[in-house]
Amino acid sequence: MTEWWTYRLNSFLLFSARTYQRLIDHYNTDVWPLLLATLLCGIGLLLWLGRPHSPRRDRVVFIGLALAWWWVAYGFLQRRFAPINWSAGYAAWLFALQGAALLWVGLLRRGKLTRRQLSPTDPIAITLIVLGVIVYPLIAPMLGHPWAQAEVFGLMPDPTVVTTLGFLLLAEPPRRLLLVVPVLWCIYSGAMLWALQAGQAWVPPGVALLATVCLLWRRHLLQRRSPLSA
């Protein structure tokens, strides 16, 4: 019997990099009209931040994010990815719960995306949203893959998670519990992509680390301001 220490991370994968790329290719082809719609919706949410603050504006953002997480849970993770990767079925449930939590915060808890005082982490949050919505679809062609393998917000997990982390870093008050599932997915995705020797494997865990640092930084700033405002 082979010793356990001889195993590598890719030893536990049931699919190859080529299989995963073909999966994305066929998925994007099958949902092509929806791909364009979700891309435009992601850009719309980014532009929506420029509107004057109102409860309606923030509800639209949280509802849009919730719908994106639900579609990824069902359309990609459960229907497409789970047949070749058993762990994707469990991830689909987490994505569905995250979508429900986003909807709950947006409708019942009235989550806000603006603050009375700007935070030093706001530019980083906006950068993450731009990364998830605009830059992520460009990663595949930049790595030499066809456009059909582009990963788009609202259809694929990684850009949806990265975009959501950006919006959550803008939320007031900080929704720390809502960051748990996105951060866990970033770690999982980074490990999977590293095992597949994908060029963008460092991006999800890098985003998770950056978001965690920003959240702790915001918490530190709020603690420093609270005695002054008392």
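All of these numbers come straight from a predicted model, not from anything done at the bench.

The rules behind these values
Residues numbered from 1 in each chain as written. Predicted model: local features only at pLDDT ≥ 70, side-chain atom pairs only at ≥ 80, totals over all residues. Heavy atoms only, no water. Axes fitted to C-alpha atoms, helices over the stretch in contact; angles between N-to-C directions. Helix = DSSP H or I, 4+ residues; strand = E, 2+ residues; numbered from the N terminus. Parallel < 35°, antiparallel > 145°, perpendicular 65-115°, else oblique. Left-handed = near helix turned anticlockwise from the far one by under 90°. Contact = heavy atoms within 4.5 Å. Buried < 20%, exposed > 50% of the residue type's maximum accessible area, 1.4 Å probe, protein only. Polar contact = N/O pair within 3.5 Å; in protein donor to acceptor, adjacent residues only side chain to side chain. Salt bridge = Lys/Arg side-chain N within 4 Å of Asp/Glu carboxyl O. Nonpolar A, V, L, I, M, F, W, Y, C, P; charged D, E, K, R; others polar. Core = buried A, V, L, I, M, F, W, Y, C linked by side-chain atoms within 4.5 Å.

J.: So what exactly am I meant to see when it comes to the packing of helix H3 (residues 55-81) against helix H6 (residues 157-170) here?
T.: A pair of packed helices is captured by two measures, namely the crossing angle of their axes and the spacing between those axes. Two numbers describe how H3 lies on H6: the axes approach to 10 Å, and their chain directions differ by 160°. Relative to H6, H3 is oriented roughly antiparallel. The way H3 lies across H6 gives a crossing that is left-handed. Facing Val61, Phe62, Leu65, Ala68, Trp69, Val72, Phe76 and Leu77 of H3, the residues of H6 in contact are Pro157, Thr160, Val161, Thr164, Phe167 and Leu168.

J.: So what exactly am I meant to see when it comes to the side chain of Thr164 here?
T.: In this structure, Thr164 sits in helix H6. When its relative accessible area of 0% is taken as the criterion, Thr164 is described as buried. Only 2.7 Å separates the side chain of Thr164 from the backbone oxygen of Thr160, close enough to count as a polar contact. Beyond its immediate chain neighbours, meaning those up to four positions away, Thr164 contacts Leu65, Trp69 and Leu102.

J.: Any chance you could explain the pattern of salt bridges here in plain terms?
T.: Two side chains that carry opposite charge are able to pair once their charged atoms sit near each other. Applying the stated criterion to the full structure yields one salt bridge. A salt bridge links Asp30 to Arg80, with the nearest nitrogen and oxygen atoms 2.9 Å apart. You can see Asp30 sitting in helix H1 (residues 17-30) and its partner Arg80 sitting in helix H3, a full 50 residues away along the chain. On the basis of relative accessibility, which here comes to 52%, the residue Asp30 falls in the exposed class.

J.: Is there a simple way to think about the packing of helix H4 (residues 87-107) against helix H7 (residues 180-195) in this case?
T.: At a minimum axis distance of 10 Å, the contact between H4 and H7 shows a crossing angle of 155°. By the angle class used here, H4 and H7 are roughly antiparallel. Relative to H7, H4 is oriented so that their crossing is left-handed. The residues of H7 that touch H4, namely those facing Ser87, Ala91, Leu94, Phe95 and Gln98, are Val181, Pro182, Trp185 and Tyr188. Of the residues contributing to the contact of H4 with H7, the split by class is seven nonpolar, two polar and no charged.

J.: Could you clarify how one ought to interpret the environment of Gln78 in this entry?
T.: Here Gln78 lies in helix H3. A C-alpha to C-alpha distance of 8.6 Å links Gln78 and Trp93, two positions 15 residues apart in sequence. Residues contacting Gln78, with those up to four places away along its chain left out, are Ala73, Pro83, Gly89 and Ala92.

J.: Mind showing me how you'd approach the environment of Leu23 here?
T.: When you line up the elements, Leu23 lands in helix H1. Remark: the alpha-carbon pair of Leu23 and Gln149, spanning 126 residues in sequence, is separated by 8.6 Å. Apart from residues no more than four positions distant in its own chain, Leu23 is found in contact with Phe76, Arg80, Phe81 and Ile84.

J.: Would you explain the nonpolar core in this entry?
T.: If you look at the biggest cluster of nonpolar residues, it comprises 63 residues, and the most contacted ones within it are Tyr20, Phe76, Leu77, Phe81, Phe95 and Leu102. The set of elements that each furnish at least two residues to this core consists of H1, helix H2 (32-48), H3, H4, helix H5 (122-142), H6, H7 and helix H8 (203-229). Considering each element in turn, this core owes the most residues, eleven residues, to H3. Those residues in contact with Phe81 that sit more than four places away from it in its chain are Phe15, Tyr20, Leu23, Phe76, Ala88 and Met192.

Geometry only, nothing functional implied.
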